[in-house]
Amino acid sequence: MSGVVHQRADWSSIHEKICQLLIPLRTSMPFYNSEEERRHGLQQQQQRQKHLIEFCYTVAQKYLFEGKHEAAVPAALHSLRFRMDVHGLSSVELVPAYLLLAEASLGLGQIVQAEEYLSQAQWTVLKSTECCYATHSLLHRNLGLLYIAKENYEEARYHLANDIYFASCAFGTEDIRTSGGYFHLANVFYGLKKLDLADTLYTKVSEIWSKYLNDRYQMLSQARIQQIDLLGKRFETDTGLDEAQEAEAIQILTSIWNIRESTSNTAPQKTIFVLKTLFMLYYLMMNSSKASFPRKAPSKMEAQEYAMRAFSLAKEQHLSLHEQNSIEELLSLISAEEAHPIP
């Protein structure tokens, strides 16, 4: 990539988003009248650096889940550089950035480069006495993806099983942050034509996301009931996820839906279940706004389309009236939104 092209990629990927945040960091520290002022100034500087680390990391993750591997590289490199500035060259805090770069390299077909980043991550983890379960999980997940790319499915299964173990230790077996391991392991079994195993895992992933999103909706509904807005404002929705997690949810659930579509005639309930989960995801994303990472919120039409597909399939397959009514209840949420449009 030429220098000019590289600079443009860097600008559109991340620099444009963080240039204003960089100004205070690139400005010389002022003279402080007291030790207390100096400490306060340093704390502010560190907070800005940590914010940039997380921001660049989230941007890179989001690009990866959207399949924009080239765009993810500059954001991941910035996250790595800021981590080095704050934590030093050998800290375990560098590992998440190495793993982003490894995943981006895999997506670009650069397996040797991915192996180099993963080796660096592994070596850093081995030297550390403070590596948390979540980081171990991410490391094994990326090693699993590497071996999938190399078509070494036994090694891939080993690392993805370890990913699930460490994620379960960190977050629990039914957490959305553990679901990625189940999903990638399901993909391995699906590729090996072990369809029963793949089906079980895809179902588990769908159920984890469905429970999370429905619990989120119920919580927001309860909050709305308990705090009745006398001004009659519309029901604010939000997923409770960051931008990268939303992108991951879309990627995982859309992939499972595409697989379920091929078995709609024999197992329509499974397809409908994923469609209803996608509806709830898009419905909760519909009115939410993320100040840290502006994005176009999904339209009502996008959410409605998933419910309509589910309803059509339920009627076509002569599923129970109870099932059809449950889908109509989802469609009524959209109708309620349209009755109280955004001012």
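Calculation notes
- Residues numbered from 1 in each chain as written.
- Predicted model: local features only at pLDDT ≥ 70, side-chain atom pairs only at ≥ 80, totals over all residues.
- Heavy atoms only, no water.
- Helix = DSSP H or I, 4+ residues; strand = E, 2+ residues; numbered from the N terminus.
- Contact = heavy atoms within 4.5 Å.
- Areas by Shrake-Rupley, 256 points an atom, 1.4 Å probe, with all protein chains shown as cover.
- Buried < 20%, exposed > 50% of the residue type's maximum accessible area, 1.4 Å probe, protein only.
- Axes fitted to C-alpha atoms, helices over the stretch in contact; angles between N-to-C directions.
- Parallel < 35°, antiparallel > 145°, perpendicular 65-115°, else oblique.
- Left-handed = near helix turned anticlockwise from the far one by under 90°.
- Expected span 1.5 Å × (residues − 1).
- Polar contact = N/O pair within 3.5 Å; in protein donor to acceptor, adjacent residues only side chain to side chain.
- Salt bridge = Lys/Arg side-chain N within 4 Å of Asp/Glu carboxyl O.
- Core = buried A, V, L, I, M, F, W, Y, C linked by side-chain atoms within 4.5 Å.

### Quick word on the overall build of the protein
Within the protein one finds 13 helices and zero strands. Counting helices and strands in the order they occur from the N terminus, the protein gives α-α-α-α-α-α-α-α-α-α-α-α-α. For the protein, contacts bridging at least 24 residues in sequence account for 66% of all contacts bridging at least 6. Total accessible area on the protein stands at roughly 18300 Å², and carbon and sulfur atoms take up 53% of it.

### Thoughts on the environment of asparagine 258
Within the secondary structure, asparagine 258 sits in helix H10 (residues 243-261). What makes asparagine 258 partly exposed here is its relative accessible area of 49%. On a C-alpha basis, the gap between asparagine 258 and valine 274 in space is 9.8 Å, while along the polypeptide they are 16 residues apart.

### Concerning the packing of helix H6 (residues 133-149) against helix H7 (residues 153-171)
Put simply, H6 and H7 touch, their axes get as near as 7 Å, and they point 160° apart. Here H7 runs roughly antiparallel to H6, going by the angle between their axes. H6 and H7 meet at a crossing whose hand is left-handed. On H7, the residues touching Tyr133, Ala134, His136, Ser137, His140, Arg141, Leu143, Gly144, Tyr147 and Ile148 of H6 are Tyr153, Glu155, Ala156, His159, Leu160, Asn162, Asp163, Phe166, Ala167, Cys169, Ala170 and Phe171.

### A few points about helix H8 (residues 176-191)
An ideal rise of 1.5 Å per residue puts 22 Å on 16 residues; H8 measures up with 23 Å between its terminal C-alpha atoms. Buried residues dominate H8, accounting for 12 of its 16 residues. Taken together, the buried positions of H8 are occupied by Ile176, Thr178, Ser179, Gly180, Gly181, Tyr182, Phe183, His184, Leu185, Ala186, Val188 and Phe189. Residue aspartate 175 occupies the N-cap position of H8, its side-chain oxygen lying 2.8 Å from the main-chain nitrogen of arginine 177. Positive phi appears at lysine 193, one or two residues downstream of H8, with a value of about 65°.

### Focus: the pattern of salt bridges
On inspection of all chains with the given rule, the structure shows 12 salt bridges. Between aspartate 215 and lysine 211 there is a salt bridge, with the nearest N and O atoms lying 2.7 Å from each other. Taken together, the residues aspartate 215 and lysine 211, both in helix H9 (residues 195-226) and four residues apart, mark about one turn of the helix. On the basis of relative accessible area, aspartate 215 is assigned to the partly exposed category, the value being 40%. Between glutamate 305 and arginine 309 there is a salt bridge, with its nearest N and O atoms 3.1 Å apart. Of this pair, glutamate 305 and arginine 309 both sit in helix H12 (residues 300-316), four residues apart, which is roughly one turn of that helix. For arginine 309, a relative accessible area of 36% puts it in the partly exposed group. If you follow the salt bridges from partner to partner, you end up with Lys62, Glu66 and Lys68 in one network.

### Some remarks on the nonpolar core
In this structure, Trp209, Phe279, Met280 and Tyr283 are the most contacted members of the largest nonpolar core, which totals 52 residues. Elements represented by at least two residues in this core include exactly H7, H8, H9, H10, helix H11 (268-286), H12 and helix H13 (321-339). Ranked by the residues each element gives to this core, the list is headed by H11, at 12 residues. Membership of the second largest hydrophobic core comes to 31 residues, among which are Val59, Leu80, Val95 and Leu99.

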